[in-house]
Amino acid sequence: MARQPKPDGRKRPSRDSQLGRRTELRTPRLRLLVVCGAEVTEHAYVQGLKHAARNPAVSIKIVKHPKAPSQVVAHTVKLLETADDAYDEAWCVLDVDEFTDIDQALREADRNRIGIALSNPCFEVWLLLHFTDHRKHAPSYDRLVPILNKHTPGGTPRRALTSVTTRTAGARRSAGRGSWLRTARSWK
């Protein structure tokens, strides 16, 4: 079968056509540093979200530093100083618990442009918000665990982590519920 001529009568592409490679279309990769101020829970949660999202446009390094909030922020500052612009953003995930240096940590983080994800009184409140619209005061981890166990498949906070991080819809619901709590009460 003979080649059909182009509307202008030519059979081949003109010499002025663009045959080179296209320019880069993907936006540069966002590089995040997340430093968790607890040994297990926060680290496991962020790791689970990273795994569940599988977003190639975001690179996340998660570091454990189970210390007081001001020490976690100071550690994050050190990591940023030694990283030579390796990160676009840095975040500290902190519990209020019984720590007295929260204000100092917040000031230092603000001065160094570090984001703070602060849970009050503890991170398990955030886990509970994945399951229910909990609005009662929970003064401590010990008082919160029995409530979390009622809503958790398997009845333990560790099971809650597994369940929560595999359900991104739960994270969206908890974010909405958490924003209500933030506006409804003072964090001090």
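Above this note sits the structure.
The sections below set out a description of the structure shown in this document. (Residues numbered from 1 in each chain as written. Predicted model: local features only at pLDDT ≥ 70, side-chain atom pairs only at ≥ 80, totals over all residues. Heavy atoms only, no water.)

Now for the pattern of salt bridges. Applying the stated rule across the entire model yields 2 salt bridges. Measuring nitrogen to oxygen at the nearest pair gives 2.8 Å for the salt bridge that ties Asp88 to Arg31. One end of the pair, Asp88, is in the loop between α2 (69–83) and β3 (89–95); the other, Arg31, is in strand β1 (residues 30–36), and 57 residues separate them in sequence. Judged by relative accessible area, Asp88 falls into the partly exposed class, the value being 40%. Relative accessible area serves as the criterion here: at 30%, Arg31 is assigned to the partly exposed category. (Salt bridge = Lys/Arg side-chain N within 4 Å of Asp/Glu carboxyl O. Helix = DSSP H or I, 4+ residues; strand = E, 2+ residues; numbered from the N terminus. Buried < 20%, exposed > 50% of the residue type's maximum accessible area, 1.4 Å probe, protein only.)

Along its 13 residues, helix α1 (residues 41–53) runs 18 Å from first to last C-alpha, staying within 8% of the 18 Å computed at 1.5 Å per residue. Within α1, the full set of buried residues consists of Thr41, Glu42, His43, Tyr45, Val46 and Gly48. Residue Arg54 follows α1 closely and has a positive phi angle near 45°. (Expected span 1.5 Å × (residues − 1).)

Another aspect to go through is the sheet that holds β1. Read from one edge of the open sheet, 4 strands run β2-β1-β3-β4, paired in parallel fashion. The open sheet has two free edges, formed respectively by β2 (58–64) and β4 (115–119), since each of these has just one partner strand. Taking the axes of each pair of neighbouring strands and ignoring which way they run, one obtains an average angle of 20° across the sheet. Against the sheet, α1 touches β1, β2 and β3, its axis set at about 165° to β2. Along the sheet, α2 contacts β1, β2, β3 and β4; its crossing angle with β3, the most-contacted strand, is approximately 165°. (Pairing = 2+ DSSP bridges. Axes fitted to C-alpha atoms, helices over the stretch in contact; angles between N-to-C directions. Contact = heavy atoms within 4.5 Å.)

In this section: the pairing of β1. Across the 7 residues of β1, 5 count as buried, placing the element largely inside the fold. By the bridge criterion, 7 bridges tie β1 to β2 in an arrangement that is parallel. Within β2, the position partnered with Val34 by the bridge is Ile62. Crossover β1 to β2 through α1 is right-handed. With 5 bridges connecting them, β1 and β3 associate as parallel partners. Counterpart to Val34 in the pairing with β3 is Trp91. (Right-handed = clockwise from strand over helix to strand, strands pointing away.)

Keep in mind that these numbers describe shape and distance, not what the molecule does.
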